[in-house]
Each structure stands twice: as structure tokens, then as C-alpha cells.
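Below, each chain spelled out in residue letters.
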Amino acid sequence: MTESKNVQRNLALQRQWYGEPLGDRVRRLVVAFRISQAQLAEVLGISAPMLSQVMSGRRAKIGNPSVLARLVMLERKVLIPGVAAGESDAIKQALEDVRHSRPSVGRDNLPVKQANGEEAVWPVLREVARPSELEAAASLLEGRYPALAQLLRRAANGDSD
């Protein structure tokens, strides 16, 4: 198989496995955290050449589940208000949190895409707000945005009704 066909096959596999090419996900993180690819690789716990190969499609997957878990952690930390606002202290703290994390990855805690994607949002909401804050936000939004209020309440309670 030619290198070009191999790259196309790998990118197609990435779309299937990860929802989109990993290069797109990594580039968003580089921009959001204002770091180089080499710095991101260090935070994720992967070599810079390996990250480059995955981004370019020369490799199809991230073989280490902990590295993938850290990638997902960083994607969620982009939503922290200080990180989203570009505050350097918040960005540094988020990067350090992920760098020093030792995620355990098993069947029960892998991020799985749900039919409506709602359950995937709950951990992010819970990371930036306590259940009581989610309930309070839901009360404020109830009159004008009942569906959003309901989502916030389900996230606060962790139920799927």
C-alpha cells in the first residue's frame, strides 16, 4: 500500500474510532492552550514524533489508553471559564493537572458517545460547577429555556430520565 493510501486509510479509521481525525483535535488543543505540539505531547505523555505521526495519519491510533484519556481531559478543560478566557494561570493549572494525572481507563469510565450525546456533557458540567450550582442555573433558565434547564438538572443528579 502506498504511503498516501495508508494515510487516507488511517485518517478514515481515526474518523471511525475518534469521531474525526486526531490532527484536528490536537490542533484545537494547541490553539486553545497556546502551546506547541511538542509541549502538548509532553503533557499527554507521548513522544513528539509519535504525536506528529498520529496527527498526520502515518499512524492510525494512540495505543496507550492513558494518553487518550489525557487528550479527552484536556478537551474538557478547554471549557473551564478561565481557560476559555485565555487566562494564563488557568491554562497553566489545567495543563499541570493533566500532565500529573494518572487516569485509569476501563470499560466503566471510557467516554462513550450516547444516542443524543447528553451524557457526554455531564462530566464537563460537573467539572465546572457543583450540583447545587447546576440546580440554581436550571432554576434561572427554566422559564425561557426549559430543555436546557432539564439538561442541567439531569447533569446535577446524574440520572437519565
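Residues numbered from 1 in each chain as written. Predicted model: local features only at pLDDT ≥ 70, side-chain atom pairs only at ≥ 80, totals over all residues. Heavy atoms only, no water.

A. Highlighting helix α3 (residues 37-44). Listed as buried for α3 are Leu40, Ala41, Val43 and Leu44. Each buried residue of α3 lies within a common arc of 160° when the element is viewed along its axis, so the set occupies one face. The inward-facing, buried residues of α3 abut α2 (22-33), α4 (48-56), α5 (65-77) and α7 (88-99). Where α3 ends, the next residue or the one after it, Gly45, has phi of about 85°, a positive value. (Buried < 20%, exposed > 50% of the residue type's maximum accessible area, 1.4 Å probe, protein only. Helix = DSSP H or I, 4+ residues; strand = E, 2+ residues; numbered from the N terminus. Arc of directions from axis to C-beta. Contact = heavy atoms within 4.5 Å.)

B. Region of interest: the nonpolar core. Residues Val26, Phe33, Leu40, Leu44, Leu51, Leu74 and Leu95 are the most contacted members of the largest nonpolar core, which totals 25 residues. If you list the elements that add at least two residues to this core, you get α2, α3, α4, α5 and α7. If sequence neighbours within four positions are ignored, Val26 has contacts with Leu40, Leu51, Met55 and Leu71. Within the second largest apolar cluster, 10 residues are counted, among which are Leu125, Ala129, Leu151 and Leu152. (Core = buried A, V, L, I, M, F, W, Y, C linked by side-chain atoms within 4.5 Å.)

C. Summary view of α7. Taking 1.5 Å per residue as the helical rise, α7 with its 12 residues ought to reach 16 Å, and the 16 Å between its terminal C-alpha atoms agrees with that figure. Those residues of α7 not exposed but buried are Ala90, Ile91, Ala94, Leu95 and Val98. All buried residues of α7 fall inside an arc of 130° around its axis, so they share one side. Counted as exposed and oriented over 90 degrees from the buried face of α7: Asp89 and Lys92. Those residues of α7 that are buried are in contact with α2, α3, α5 and α6 (81-84). (Expected span 1.5 Å × (residues − 1).)

D. Structural context of unusual backbone geometry. With phi around 55°, Arg34 is a residue other than glycine that occupies positive phi space. By the element assignment, Arg34 lies in the loop between α2 and α3. With relative accessibility at 60%, the residue Arg34 sits in the exposed group.

E. Representation of the packing of aromatic side chains. Taken as a whole, this structure holds one aromatic pair when the rule is applied. With 6.3 Å between their ring centres and 90° between their planes, Trp17 and Tyr18 make a pair best called edge-to-face. Judged by relative accessible area, Tyr18 falls into the buried class, the value being 15%. (Phe/Tyr/Trp six-rings, centres within 6.5 Å; stacked < 30°, edge-to-face > 60°.)

F. Main features of the pattern of salt bridges. Inspection of the entire model under this criterion finds nine salt bridges. The residue Arg99 makes a salt bridge to Glu42 at a minimum N-O spacing of 2.7 Å. You can see Arg99 sitting in helix α7 and its partner Glu42 sitting in helix α3, a full 57 residues away along the chain. Its relative accessible area of 45% is what places Glu42 among the partly exposed residues. Sharing partners across several salt bridges, the network here consists of Glu42, Glu96 and Arg99. (Salt bridge = Lys/Arg side-chain N within 4 Å of Asp/Glu carboxyl O.)

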